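Residue-level listing of the chains:
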Amino acid sequence: MKTLVKVQKGIMIISSILILIGLFLSVCLRYVFKIDLFGIEELLLIPIFLLYFIGAAQGSYEKSHITADILESYVKSGKIKAWNRLVTSVVVLIVCLIITFWNSQYIFWSFNNGGNTSGYQIPLFIPHGTVLIGFILMSFYSLIDFFRQISMVKDEMKKGKE
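If you're wondering where the values come from, they're calculated on a predicted model, not measured in any experiment.

Rules used in this analysis
- Residues numbered from 1 in each chain as written.
- Predicted model: local features only at pLDDT ≥ 70, side-chain atom pairs only at ≥ 80, totals over all residues.
- Heavy atoms only, no water.
- Helix = DSSP H or I, 4+ residues; strand = E, 2+ residues; numbered from the N terminus.
- Buried < 20%, exposed > 50% of the residue type's maximum accessible area, 1.4 Å probe, protein only.
- Polar contact = N/O pair within 3.5 Å; in protein donor to acceptor, adjacent residues only side chain to side chain.
- Contact = heavy atoms within 4.5 Å.
- Expected span 1.5 Å × (residues − 1).
- Patch = residues over 30% accessible without salt bridge, like charges linked within 9 Å, V, L, I, M, F, W, Y side chains within 5 Å.
- Areas by Shrake-Rupley, 256 points an atom, 1.4 Å probe, with all protein chains shown as cover.
- Salt bridge = Lys/Arg side-chain N within 4 Å of Asp/Glu carboxyl O.

S.K.: It is not clear to me how the side chain of Thr100 should be interpreted in this structure. Could you clarify?
M.R.: Structurally, Thr100 is set in helix 4 (residues 78-113). Since its relative accessible area comes to 13%, Thr100 is described here as buried. A polar contact of 3.2 Å, which involves the side chain of Thr100, links it to the backbone oxygen of Phe135. Those residues in contact with Thr100 that lie beyond four places of it in its chain are Leu132, Phe135, Ile136 and Ser139.

S.K.: Quick question: what am I supposed to make of the environment of Asp145 here?
M.R.: Mapped onto the elements of the fold, Asp145 is located in helix 5 (residues 125-161). Overall, Asp145 belongs to the buried group, its relative accessible area being 10%. Other than its neighbours up to four places away in sequence, Asp145 contacts Lys63 and Ser89. Within the local environment of Asp145, its side chain forms a polar contact with the side chain of Lys63, the two groups lying 3.3 Å apart.

S.K.: For this particular structure, what's the right way to read helix 1 (residues 2-32)?
M.R.: Between the first and last C-alpha of helix 1 there are 44 Å, a value that for 31 residues agrees with the 45 Å anticipated at 1.5 Å per step. Of the residues making up helix 1, those classed as buried are Val5, Gln8, Met12, Ser15, Ile19, Gly22 and Ser26. Immediately beyond the C-terminal end of helix 1, within one or two residues, lies Lys34, with a positive phi of roughly 60°.

S.K.: Before we go on, may I ask you to explain a nonpolar patch on the surface in this structure?
M.R.: Taken together, Val27, Tyr31, Val32, Phe33 and Ile35 make up a surface patch of nonpolar side chains, about 540 Å² in accessible area. Relative to the helices and strands, Phe33 is located in the loop between helix 1 and helix 2 (40-62).

Take a look at the structure:
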């Protein structure tokens, strides 16, 4: 798992560097040399999608995504908090799995219909595939969190019996 996280961080660093280089070149060529770099947006599409969706998966791994859970602030009972976290993890897992499934269907459709970008003719299933990779990772981390929450509920239930 730690290797996977290191790979994710490496992908995010490389993507960030590629985006920075692409934007720097675009700005320099356009405003300094008065030359337009044809299709730079198409070339940046893949690292931008990678950065965004691998970053979302990283947030899912770290549990650093934004939440609006008011119940956690007001409830004092450890059992209720544990059950609330379990229900939340179930909902997140279900949503991630549904979106992963939909995205995989979209990738198959994109692959079969052969859509390409207009400038460099990059097959659209490539940038769309980066979205799928991100959601597969998010689903994986959500599944791990789900099992972690089950064990936390079990621990809280044992505390109540003692």
